[in-house]
Amino acid sequence: MTETINVMTVSGGKDSTAMWIYAIKELGVEVSAVFNDTGNEHPMTYEYIDYLESVLGPIKRVKADFSKQIAHKREVVQTKWRDDGVSEEIVQQALEMLHPTGNPFLDLCLWKGRFPSTKRRFCTQELKIIPNLEQVYIPLLEAGYQVISWQGVRAQESAARAKLAEWEDTPEGYRIYRPILKWTVEEVFEMHRRHGIKPNPLYTMGMGRVGCMPCINCGKQELFEIARRFPEQINRIAKWEETVKKASKRGAGSFFPTANGRDTEGIYDEVEWSKTTWGGKQYDLIKAIEMEDIPVCSSQYGLCE
Ligand code: SF4
């Protein structure tokens, strides 16, 4: 009989953690946990992944590598850009920047010459889906295992997720199982409590979701929270913007290129906008005070009893 392997992607967020706890503590199912390291996670998430490993079991870190794509882009810059009318200064600047840094998110943007956006969302595909297929699913399938991919998504999260089925077959040959599809957010945190597993501390710091920091889908309030609590993350993105801009033919390098129906000039511009009231014209006085006065807990999920 073909052996079955249960694979689960653990993001450091509440849903995938609750699903993992449920699988091993309540169903007694063995799972292979995988963490996609995008290189754009908060340090607390990396620490939390280490914590989960110490209390729940081993986690395989999967990282995308874009060295080949960057090498190919260098060739294109060398051989084609001048013919396309790109100035020598920009060609030299791009060649200087186009070396792999080892950070998957930044290397992906160097290769593409831009940041992903809500309209061109290539990050999930390149940083998570393809590396998981290449490094986890395909090797298991080729070794003859039947693979079940456990996904920690919930119908409550969005209309699109509400339409998902509990079970699904994929063209690659593995099956998808979504065991917590009908769970509420309270049930998710209850699963943590029941088994004494701490949720990611970022939930007590105003973060509604855990994943890239920031995510390209990050809303106004979340960006405001990130900027006031973790300004170093904003500074990191600003440095990345400078690097990506220099590697881009057209000088495109805003993390949120056309966020919220407006063109942005970069992450600092977007942070300024996040401090404004609805309409984006006036500074929100309450936010101006909050910028200086950070409470210990501003969880969106009432985590602090
Ligand atoms: S968390 Fe956001 S930024 Fe990160 S890969 Fe997913 S969609 Fe892209």
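Residues numbered from 1 in each chain as written. Predicted model: local features only at pLDDT ≥ 70, side-chain atom pairs only at ≥ 80, totals over all residues. Heavy atoms only, no water.

**Section: the packing of aromatic side chains**
Counted under the stated rule, the structure contains 12 aromatic pairs. Taking 5.1 Å as the distance between ring centres and 75° as the angle between the ring planes, the aromatic pair formed by Tyr22 and Trp183 counts as edge-to-face. Here the residue Tyr22 occupies a position in helix H1 (residues 14-26), and Trp183 occupies one in the loop between strand E6 (175-177) and helix H8 (185-194), the gap between them amounting to 161 residues. With respect to class, Tyr22 is no different from Trp183; both count as buried. Each ring, one from Phe105 and one from Trp240, has its centre 5.9 Å from the other, and the planes form 20°; the classification is stacked. You can see Phe105 sitting in helix H5 (residues 104-112) and its partner Trp240 sitting in helix H10 (residues 231-246), a full 135 residues away along the chain. By the ring-pair criterion, three or more aromatic residues cluster together here, those being Phe105, Phe115, Trp240, Phe255 and Phe256. Its guanidinium or amino end placed over the ring of Phe122, Lys112 lies 5.1 Å from that ring's centre, counting from NZ or CZ. Here Lys220 stacks its cationic end above the ring of Trp273, 4.6 Å away from the centre of that ring. (Phe/Tyr/Trp six-rings, centres within 6.5 Å; stacked < 30°, edge-to-face > 60°. Helix = DSSP H or I, 4+ residues; strand = E, 2+ residues; numbered from the N terminus. Buried < 20%, exposed > 50% of the residue type's maximum accessible area, 1.4 Å probe, protein only. Lys NZ or Arg CZ within 6 Å of the ring centre and 35° of its normal.)

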